[in-house]
Amino acid sequence: MLGLGPTSRLLRTRQLFRARLYASTKQDNRKSPFSRKEVEDNTVQDFRPPWVYRASGFLIYTTIPIAILYCVFFADYGDREHVFSPIRRWAQRHKESFLSLTPDETALAQRQAATNDGKEGS
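What you see is a predicted model, and the numbers here were worked out from it, not measured in a lab.

A few words on the overall build of the protein. Helix and strand counts for the protein come out as 5 helices and 2 strands. For the protein, the sequential pattern of α-helices and β-strands runs α-α-β-β-α-α-α. The buried share of the protein, reckoned over its 122 residues, is 7%. Looking at the protein alone, contacts between residues at least 24 apart form 0% of all its contacts between residues at least 6 apart.

Dropping the structure here:
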């Protein structure tokens, strides 16, 4: 009978451990198994360039928050009260406070308009 000796078992265990270590690297896990092609020397190589992974990661981390913000602040849910109504009212109040004048600024603008009207009439 041909049995495996202790050294060949140890060698086989080391090879399996190295293969698992390689398979668990971040580089290998991020790529899809469908994106691999075999080359002549039986190694597996990804045919997509590395910028594809950076671009898809960037798009994932930008489009999802943009979609959430759109659904919360801009999507039309009708005239009824809905779950995003309180935050929309809060945002509307803050937007109006940023874009409107305080009472002091309104009084100053009216005084300046009155003095400008008086100068134009002379």
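Now for the environment of T63. Mapped onto the secondary structure, T63 falls in helix α3 (residues 51-73). For T63, a relative accessible area of 41% puts it in the partly exposed group. Polar contacts involving the side chain of T63 include one to the main-chain carbonyl oxygen of L59, which spans 2.6 Å.

A surface patch of nonpolar side chains, amounting to about 470 Å² of accessible area, comprises I60, Y61, I64 and I68. Residue placement: I68 occurs in helix α3.

Another aspect to go through is the confidence of the model for the protein. Mean pLDDT over the protein: 78, with 63% of residues reaching 70 or higher. Mean pLDDT in the protein bottoms out at helix α2 (residues 26-30), which sits at 50, and peaks at α3, which reaches 95.

Quick look at the packing of α3 against helix α4 (residues 85-99) now. Closest axis-to-axis distance for the α3/α4 pair is 9 Å, and the angle between their directions is 90°. Our classification of the angle between α3 and α4 gives roughly perpendicular. When α3 is examined against α4, the residues C71, V72 and F73 are found in contact with a partner set consisting of I87, R88 and A91. Across the contact of α3 with α4, the residue classes tally to 5 nonpolar, no polar and 1 charged.

Attention now goes to α3. With 23 residues, α3 extends 33 Å from end C-alpha to end C-alpha; this agrees with the ideal 33 Å at 1.5 Å per step. All of the buried residues along α3 are Y53, G57 and V72.

Cut-offs used in this document
- Within each chain, residue numbers correspond to sequence positions counted from 1 in written order.
- The predicted origin of the model limits local features to residues at a pLDDT of at least 70 and limits the giving and counting of side-chain atom pairs to 80 or more, whereas totals for whole chains, interfaces and linings rest on all residues.
- Heavy atoms throughout the structure, all of them, feed into the side-chain values; hydrogens and water do not.
- What counts as a helix is a DSSP run of H or I of at least four residues, what counts as a strand is a run of E of at least two, and both are numbered from the N terminus.
- Note on classification: 1.4 Å probe, protein chains only; a residue is buried when its accessible area is under 20% of the maximum for its type, exposed when over 50%, partly exposed between these limits.
- Whether two residues touch is decided by their heavy atoms; if any such pair falls within 4.5 Å, the residues are in contact.
- Here a polar contact is taken to be a pair of N or O atoms separated by no more than 3.5 Å, where protein atoms must pair a possible hydrogen donor with a possible acceptor and residues adjacent in sequence count only if both atoms sit in side chains.
- Patches were defined on residues exceeding 30% relative accessible area and lacking a salt bridge, with like-charge contacts within 9 Å and nonpolar side-chain contacts (Val, Leu, Ile, Met, Phe, Trp, Tyr) within 5 Å.
- Reported accessibility uses the Shrake-Rupley method at a 1.4 Å probe radius. Residues are deemed covered only where the shown protein chains occlude them.
- Salt bridges are counted wherever a side-chain nitrogen of Lys or Arg sits within 4 Å of a carboxyl oxygen of Asp or Glu.
- pLDDT is defined as a per-residue confidence score from the predictor, taking values between 0 and 100.
- Axis lines are fitted to C-alpha atoms, over the contacting stretch for helices. Their N-to-C directions set the angle, which ranges from 0 to 180 degrees.
- Angle categories: roughly parallel below 35 degrees, roughly antiparallel above 145, roughly perpendicular from 65 to 115, and oblique for all the rest.
- Residues are sorted three ways: Asp, Glu, Lys and Arg are charged, Ala, Val, Leu, Ile, Met, Phe, Trp, Tyr, Cys and Pro are nonpolar, and all the rest, Gly among them, are polar.
- Here a helix's expected span is defined as the number of its residues, less one, multiplied by 1.5 Å.

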